[in-house]
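# Residue-level structural notes
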Amino acid sequence: MRACLFIILKILTTSGLPAQSVTDINEQILTLYRQKNYEAAIPLAKQAREKARTEYGDTSSMYLTTVESLALLYNFTNRPALSIPLYREAAVLIRRKMGENNERYLSTQISLGMAWSDLENYKEAEPCFSRAKEISLQLYGEKSSEYISSLTDLADLYSKMNQYARSETLFLEAQTLGKTVEGENTTAYANILNGLGILYYSIGQYDKAEKYYLQTMAIRKTEDGENSPAFAAVQNNLAVLYAKKGDYTRAEKLYRNAAETEKKKGDIPASYANTLCNLAIICARTGRYDEAAKMYEEVKGIRKQVFGEYHPRYAATLHEMGALYLRMGAYEKADTLLQQARDKRKTLLGDQHPDYANTLRNLATLYTSTGRYEQAEENLLRSTAIETRYLENIFTILSEKEKENYLANNISLVEANNSLLFLQANKSPALVKNNLELQLLLKALALTQSRRMREQVAASPDSTLRLRFRQWEIIKKNLAVQYSTPLLARKLKTDSLEAAAEKLEKELVRNLSGFDASIQLPVEKLQAQLDKDEAANKFVSFY
């Protein structure tokens, strides 16, 4: 939107249309735009487009300008689905007239990517942001604000697509360049830090996420002010983190501050709905069910109006409302809402998405609570399979320390399985087997990375990779020495050593092959390793 906004305004003010009627319309559009009266500008933009088509033809520069102008207005009024065909039409016209390596085509790709991303259709957004990155590099070079912004956009998209390795690599590149090109106290740099915070929150690294959110907040407070939507957005992110950690008091305070700011602005109902939904979750978790239900109804109404019922955010509202009624013991209402959320998420996100798995897990909890154990088992087995694959994807980019953090912060995956296994009197072999294999997998994921790295490095012809692995081993040995030395006698700072070791380890992990299925230990293989009178025991805790 950044580049597109500048270009459209420039074109509207310098077009010099010979047809006076179209010129007058464009002037009116520009005036209304500056007044932020976007709704009133849309009919005029439609009229200008049709006049330009009639008077100049649908391959003319003037027609192209009106297409871009209308698309921009649709974006500003939260109608990305209407803007997409217009941006596509504009992209075709620009390519024919000017080729792709120009500022105008770049802005169209950015706007298209943002529109698809707003619809949470990330598969369509990816080629747009990828092309924008390539064009930015060609036009401006890597030490430019435009290229850094393209890195940030693509990194943010990959984070939303759960492609965390790609996301982290791009964000870290943007951060390195941003320090020099943008400076560390700018809004552009704050965007990078906020994106890193969201990424690390998504993969369970809450301490890292909090650090980046707080840095972002400090910049936003200085550059944008405490009453700005940008400041409210990072407050919301930090509140989500505190809520996840169980610090509901701090989370609620931040949510209420953000909601007040967003409601005052009035032109960002989607952001306000997000914050209100998060606040409702806090109310539900702290037993204020009536207050939560009221908030959810408001959120549902806003999201239905802004996005329609066929959208992931509307589905998320149904999910959260179902979770609320589950807490309240209103099982029939919960069942209806969770089934609706399940069906919508399956259609919109696919049957391998973690949000779909989350709804299945809530349905399993519901059916466990109402004694429908077969239905509970069916949903739980499906959700566990999806979440296990998701876990394997995340663990391919995490250091050992980060893995420990993730497992500690996402214990609900095993708790639900243990609970159902305990409560169900007639346990099916599939449920018992699934539970044990999950326990074995989590243990293997946490413990086998160093061995796997050593084996893969030894087999690699890459001398640089072997050198980095040797450097990592030396740092780890130095850390072991420091850990065994009393604090006052330590000669090296463990913080810097730990950071260096983690950086090297993550580089090695990214350059080696992904998840190794051989670390999974099937129950049958475990049984074969036991003597006749032996048994394997695993002690677990759960709610």
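Anyway, here's the lowdown on the structure attached to this text. (Residues numbered from 1 in each chain as written. Predicted model: local features only at pLDDT ≥ 70, side-chain atom pairs only at ≥ 80, totals over all residues. Heavy atoms only, no water.)

### Some thoughts on the overall build of the chain
Cut-off, in case you're wondering: A helix here means a DSSP run of H or I that spans at least four residues, while a strand means a run of E at least two residues long, and both kinds are numbered starting from the N terminus. Remark: exposure states derive from per-residue accessible area (1.4 Å probe, protein chains only) relative to the maximum for the residue type, with buried under 20%, exposed over 50%, and partly exposed in between. Working rule for contacts: check all heavy atoms of both residues, and any pair within 4.5 Å makes them a contact. Using the Shrake-Rupley algorithm and a 1.4 Å probe, accessible areas are obtained, with residue cover drawn only from the displayed protein chains.
Scanning the chain from N- to C-terminus turns up 26 helices and 0 strands. Expressed as a percentage of the 543 residues in the chain, the buried residues total 49%. Taking the contacts inside the chain whose residues are at least 6 apart along the sequence as the reference set, 63% of them involve residues at least 24 apart. Per element, the accessible surface of the chain, about 26,200 Å² overall, is 51% carbon and sulfur.

### Some remarks on the packing of helix α18 (residues 354-369) against helix α19 (residues 373-395)
Our working definition: Every axis corresponds to a line fitted to the C-alpha atoms, with the helix fit spanning only the stretch in contact, and the corresponding angles, defined between N-to-C directions, vary from 0 to 180 degrees. If an angle is under 35 degrees, it is roughly parallel; if it is over 145, roughly antiparallel; if it lies from 65 to 115, roughly perpendicular; otherwise it is oblique. Crossings are sorted by hand: turned counterclockwise from the far helix by less than a right angle, the near helix makes the crossing left-handed, and turned clockwise it makes it right-handed. In the scheme used here, Gly and all other residues not listed as nonpolar or charged are polar, with Ala, Val, Leu, Ile, Met, Phe, Trp, Tyr, Cys and Pro taken as nonpolar and Asp, Glu, Lys and Arg as charged.
Packing of α18 against α19 brings their axes to within 8 Å, and their N-to-C directions diverge by 155°. Regarding the angle of α18 to α19, the classification is roughly antiparallel. The handedness of the crossing between α18 and α19 comes out as left-handed. Counting all contacts with α18, which are made through Pro 354, Tyr 356, Ala 357, Leu 360, Arg 361, Leu 363, Ala 364, Tyr 367 and Thr 368, the residues of α19 involved are Tyr 373, Gln 375, Ala 376, Asn 379, Leu 380, Arg 382, Ser 383, Ile 386, Glu 387 and Tyr 390. Among the residues making up the contact of α18 with α19, the classes are represented as 12 nonpolar, 4 polar and 3 charged.

### A short note on the environment of Glu 473
Among the secondary structure elements, Glu 473 is positioned in helix α24 (residues 463-483). Residue class for Glu 473 comes out buried when judged on its relative accessible area of 17%. Separated by 32 residues in sequence, Glu 473 and Glu 505 place their C-alpha atoms 9.5 Å apart.

### Here we look at the nonpolar core
Our working definition: Residues enter a nonpolar core if they are buried and are Ala, Val, Leu, Ile, Met, Phe, Trp, Tyr or Cys, with the set joined through side-chain atoms within 4.5 Å.
Counting residues in each nonpolar core, the largest one holds 122 residues, and the members touching the most others are Ile 29, Leu 73, Tyr 296 and Ile 394. Ranked by residue count, the leading element in this core is helix α14 (residues 269-285), at 11 residues. Once you skip the residues sitting within four places of it in the chain, Ile 394 turns out to touch Tyr 164, Ser 202, Ile 203 and Tyr 406. By size, the runner-up hydrophobic cluster in this structure holds 12 residues, among which are Trp 472, Ile 475, Leu 497 and Ala 501.

### Some thoughts on unusual backbone geometry
One can expect most non-glycine residues to show negative phi and most peptide bonds to be in trans. Look at Lys 36: it is not a glycine, yet its phi comes out positive at around 60°. Structurally, Lys 36 is set in the loop between α2 (20-34) and α3 (38-56). Using a relative accessible area of 58% as the deciding quantity, one classes Lys 36 as exposed. Notably, Asn 162 is not glycine yet its phi reads approximately 65°, a positive angle.

### Some thoughts on helix α5 (residues 80-98)
Rules: Multiplying 1.5 Å by the residue count of a helix minus one yields the expected span of that helix.
In this model α5 runs 25 Å from its N-terminal to its C-terminal C-alpha over 19 residues, within 8% of the 27 Å that 1.5 Å per residue would give. Of the residues making up α5, those classed as buried are Pro 80, Ser 83, Ile 84, Leu 86, Tyr 87, Ala 90, Ala 91, Leu 93 and Ile 94. Backbone geometry just after α5 places Gly 99 at a positive phi near 85°.

### Describing the packing of aromatic side chains
Stated formally: What counts as a ring pair is set by centres within 6.5 Å for rings of Phe, Tyr and Trp (its six-membered ring), and what kind of pair is set by the plane angle: stacked under 30 degrees, edge-to-face over 60, tilted for all other angles. Charge-over-ring contacts are defined here by two conditions on Lys NZ or Arg CZ: a distance within 6 Å of the ring centre and an angle within 35 degrees of the ring normal.
Summed over the entire model, instances satisfying the criterion amount to 6 aromatic pairs. Ring geometry for Tyr 33 against Tyr 38: centres 5.6 Å apart, planes inclined by 45°, an arrangement best described as tilted. Relative to Phe 76, the ring of Tyr 33 has its centre 5.7 Å away and its plane inclined at 75°; by these criteria the two rings are edge-to-face. In this pair, Tyr 33 is assigned in helix α2 and Phe 76 in helix α4 (residues 61-76), connecting sequence segments 43 residues apart. What makes Tyr 33 buried here is its relative accessible area of 12%. Each residue in the set Tyr 33, Tyr 38 and Phe 76 is aromatic and connected to the rest through ring pairs, giving one cluster. Positioned over the ring face of Tyr 200 is Lys 208, at 5.0 Å from the centre of the ring.

### Details of the pattern of salt bridges
Stated precisely, the cut-off is as follows: Any Lys or Arg side-chain nitrogen located within 4 Å of an Asp or Glu carboxyl oxygen qualifies as a salt bridge.
This structure, assessed with the given rule, holds 25 salt bridges. Measuring nitrogen to oxygen at the nearest pair gives 3.2 Å for the salt bridge that ties Lys 160 to Asp 156. Of this pair, Lys 160 and Asp 156 both sit in helix α8 (residues 145-160), 4 residues apart, roughly one helical turn. Residue class for Lys 160 comes out partly exposed when judged on its relative accessible area of 35%. By relative accessible area, Asp 156 is classed as partly exposed at 25%. In this structure, Glu 387 and Arg 361 form a salt bridge, with 2.7 Å as the shortest nitrogen-oxygen distance. Taken together, the residues span a long stretch of sequence, with Glu 387 in helix α19 and Arg 361 in helix α18 at a distance of 26 residues. Given a relative accessible area of 14%, Arg 361 falls into the buried group. Overlapping salt bridges, with partners in common, bring together Arg 95, Glu 100, Arg 131 and Glu 134 in one network.

### A few points about the side chain of Arg 342
Convention followed: Polar contacts, as counted here, are pairs of nitrogen or oxygen atoms within 3.5 Å of one another; within protein the pair requires one atom able to donate a hydrogen and one able to accept it, and residues that are adjacent in sequence qualify only if both atoms are side-chain atoms.
Looking at the secondary structure, you find Arg 342 in helix α17 (residues 331-349). Of the polar contacts made by the side chain of Arg 342, one reaches the side chain of Asp 343; its length is 3.0 Å.

### Observations regarding the packing of helix α12 (residues 229-244) against α14
Contact geometry for α12 and α14: axes closest at 11 Å, N-to-C directions at 20°. It follows from the interaxial angle that α12 and α14 lie roughly parallel. Handedness of the α12/α14 crossing: left-handed. Along its contact with α12, which presents Asn 236, Val 240 and Ala 243, the element α14 presents Asn 274, Thr 275, Asn 278, Ile 282 and Arg 285. Broken down by class, the residue content of the contact of α12 with α14 amounts to 3 nonpolar, 4 polar and 1 charged.

### A look at α4
Here α4 spans 23 Å end to end across 16 residues, near enough to the 22 Å set by a 1.5 Å rise per residue. Positioned one or two residues after α4, Asn 78 has a phi angle of 55°, which is positive.

### Describing the side chain of Thr 152
Tracing the backbone shows Thr 152 in helix α8. Assessed through its relative accessible area of 10%, Thr 152 is described here as buried. Excluding anything up to four places from it in sequence, Thr 152 contacts Phe 171, Ala 174, Asn 191 and Ile 192.

### Regarding the environment of Lys 208
With respect to the element layout, Lys 208 can be found in helix α11 (residues 206-223). Put simply, Lys 208 and Glu 402 are 194 residues apart on the chain and 9.9 Å apart in space, counted from C-alpha to C-alpha. Those residues in contact with Lys 208 that lie beyond four places of it in its chain are Tyr 200, Glu 402 and Glu 502.

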